[in-house]
Amino acid sequence: MNNYYQPQAETMPVEDIKKLQQEKLLKQVKYVYDNVKYYRDLMDKKGVKPEDIKTLDDISKLPFLSKDDLREAYPYGMLATDLENCVRIQSTSGTTGKRVVAFYTQNDIDMWEECCARAIVAVGGDKSDVCQVCYGYGLFTGGPGLNGGSHKVGCLTLPMSSGNTDRQIQFMMDLNATILCCTPSYAAYIGETLKEKGYKPEDNKLKAGIFGAEPWTEEMRRDIEKSLGIKAYDIYGLTETSGPGVAFECQEQTGMHINEDHFYAEIIDPDTGEVLPLGSKGELVFTALDKEAFPLIRYRTRDICILTREKCSCGRTFVKMTKPMGRSDDMMIIRGVNVFPSQIEAVLLNEGYAPNYQIEVDRVNNSDTLDVYVEMTEESFSDTVKEITKKEKKLAAAIKTMLGISPAVHLVPAKSIARSEGKAVRVIDKRKRLGINI
Ligand code: ADP
Ligand code: ZN
């Protein structure tokens, strides 16, 4: 299955990738300085000129760009070309606040769709495949990105968008879908619904799924692979950098290759901004090397992960990023302890529960409370209070071992936690009502 969509780029020797990135960076910095006043002001304030950037390492002299900058520059402040050269806008999901609007020229769209095509080919996709895209279509980048990638590969594309799960299943079965693209939480829901309808995993023709747009754990991957009878692959991206496809998993399923011919990635210490060496955990920062309409230099994603460059059995030479554990702003500080929802998810799935849960954080009498609501599964179902209490205590102990703090666990009836068709809402932090800055 060693197949590439663009072999020349995807297997380029690392020295050549670096050379290419350097050439593109120097050009891009000048282009942005000349065309985007907002970024020129940032560079002037830092006292750095395009001529100061001579090598790839000089990138650390450049200022960072944050989501707040993009919000401030809304809507046209980051545009580097005339509006008449633009053919599309997309927008972020607004998970963490006001939406950011991104612009695309036709070249930008082609580059983005090619990145998605690489992801589809990497999971074994070709023109004989039927690719069911149930990411949302519209302003959200998930649907349009994978739709474009699927066209480029030549798959028969089912542009389902999200929702209407009965129809998703009908088309999946009647039209023999082989590749499924959606958020992992929606994939889990489709798996659950298939089972309820009496289908076994081997009844569908799916072979692979491309799931991203939200954090998910290895435990969740195993769960989805089992329920759908497929291989589940991760895909990463954000609207600011174009959309999904910035990084994608290959057959190894050990992290995502970053499309380095188009994106230069750095890991920084989120507190000091210092660039960290390969293998360190920190905040992922991207510089888009080719974007024309909505360029990005040193954009702080707030996603926390690790970059590694080891030989991969697929033959791709691109650096790999680990699954982001969540965004730095997803991290909850509970009784002084740093907690990511993904840590709790890992415990729940290891203990045999389904990924249907919600975390509630509050502050009562000056002390943080952590409540975890988890649905009972068929296997764990019990109707005696004593049994339920025993199970809740066992789960609470397992979470305490993982986090070091004790939660209150509540087992709730199946189907009582709302299912998500897009990005799942995992955390309700009620401390916000107290005006606590978390
Ligand atoms: P918003 O920031 O409003 O959610 P986007 O829809 O552009 O806007 O989502 C991009 C974000 O989604 C990323 O910064 C990251 O936090 C998250 N994300 C995307 N893909 C993945 C993935 N495979 N694993 C974990 N998180 C992801
Ligand atoms: Zn690989």
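Located above this text is the structure these notes cover.
The model shown is predicted, which means the values in this text are computed figures rather than measured ones.

Draft legend 1. Fine view of the overall build of the protein chain. For the protein chain, the count of helices and strands is 11 helices and 19 strands. For 438 residues, the compact-globule estimate of 2.2 N^0.38 gives 22 Å, and the protein chain sits close to it at 22 Å. The 438 residues of the protein chain split such that 55% are buried. Sequence separation of at least 24 residues holds for 66% of the intrachain contacts in the protein chain that already meet a minimum separation of 6. Accessible surface for the protein chain amounts to roughly 19000 Å². Of this, 51% is attributable to carbon and sulfur atoms. Across the protein chain, the 57 positively charged side chains and the 64 negatively charged ones have centroids separated by 2 Å.

Draft legend 2. Focus on the nonpolar core. The biggest cluster of nonpolar side chains holds 73 residues, and the ones touching the most others in it are Y39, L62, Y236, I258, L284, F286 and M321. For this core, the element with the highest residue contribution is helix α5 (residues 106-122), accounting for 10 residues. Those residues in contact with Y236, other than ones at most four positions away along the chain, are G243, P244, G245, V246, A247, M256, L284, F286, T301, D303, M321 and P324. Ranked by size, the runner-up nonpolar core spans 48 residues in total, among them A177, W216, M220 and Y357.

Draft legend 3. Structural detail: the side chain of E283. As for its position among the elements, E283 is in strand β11 (residues 281-288). Accessibility expressed as a relative area gives 2% for E283, which makes it buried. At 2.6 Å, the side chain of E283 forms a polar contact with the side chain of R300.

Draft legend 4. Region of interest: unusual backbone geometry. In this structure, P75 follows Y74 across a cis peptide bond, with omega equal to -5°. Relative to the assigned elements, P75 resides in the loop between α4 (67-72) and β1 (86-91).

Draft legend 5. Spotlight on the coordination of the zinc ion (ligand 2). On the protein side, the zinc ion (ligand 2) has C250 (SG), H257 (NE2), C312 (SG) and C314 (SG) as donor atoms, found 2.1 to 2.3 Å from it. One can describe the site at the zinc ion (ligand 2) as tetrahedral: its four donor atoms subtend angles covering 103 to 113° at the metal. Coordination of the zinc ion (ligand 2) draws on donor residues from a single chain, spaced C-x6-H-x54-C-x1-C in sequence. Of this pair, C250 sits in the loop between β8 (243-249) and β9 (256-258) while C314 sits in the loop between β12 (299-308) and β13 (320-321), and the two are 64 residues apart along the sequence. Overall, C250 belongs to the buried group, its relative accessible area being 0%.

What counts as what
- Residues numbered from 1 in each chain as written.
- Chains lettered and ligands numbered in written order.
- Predicted model: local features only at pLDDT ≥ 70, side-chain atom pairs only at ≥ 80, totals over all residues.
- Heavy atoms only, no water.
- Helix = DSSP H or I, 4+ residues; strand = E, 2+ residues; numbered from the N terminus.
- Rg over C-alpha atoms; globule rule 2.2 N^0.38 Å.
- Buried < 20%, exposed > 50% of the residue type's maximum accessible area, 1.4 Å probe, protein only.
- Contact = heavy atoms within 4.5 Å.
- Areas by Shrake-Rupley, 256 points an atom, 1.4 Å probe, with all protein chains shown as cover.
- Lys, Arg positive; Asp, Glu negative; His and termini not counted.
- Charge placed at Lys NZ, Arg CZ, Asp CG, Glu CD.
- Core = buried A, V, L, I, M, F, W, Y, C linked by side-chain atoms within 4.5 Å.
- Polar contact = N/O pair within 3.5 Å; in protein donor to acceptor, adjacent residues only side chain to side chain.
- Donors = N, O, S within 2.8 Å, 3.2 Å for Na, K, Ca; no water.
- Tetrahedral: all angles 85-135°; square planar, octahedral: opposite > 155°, others 65-115°.

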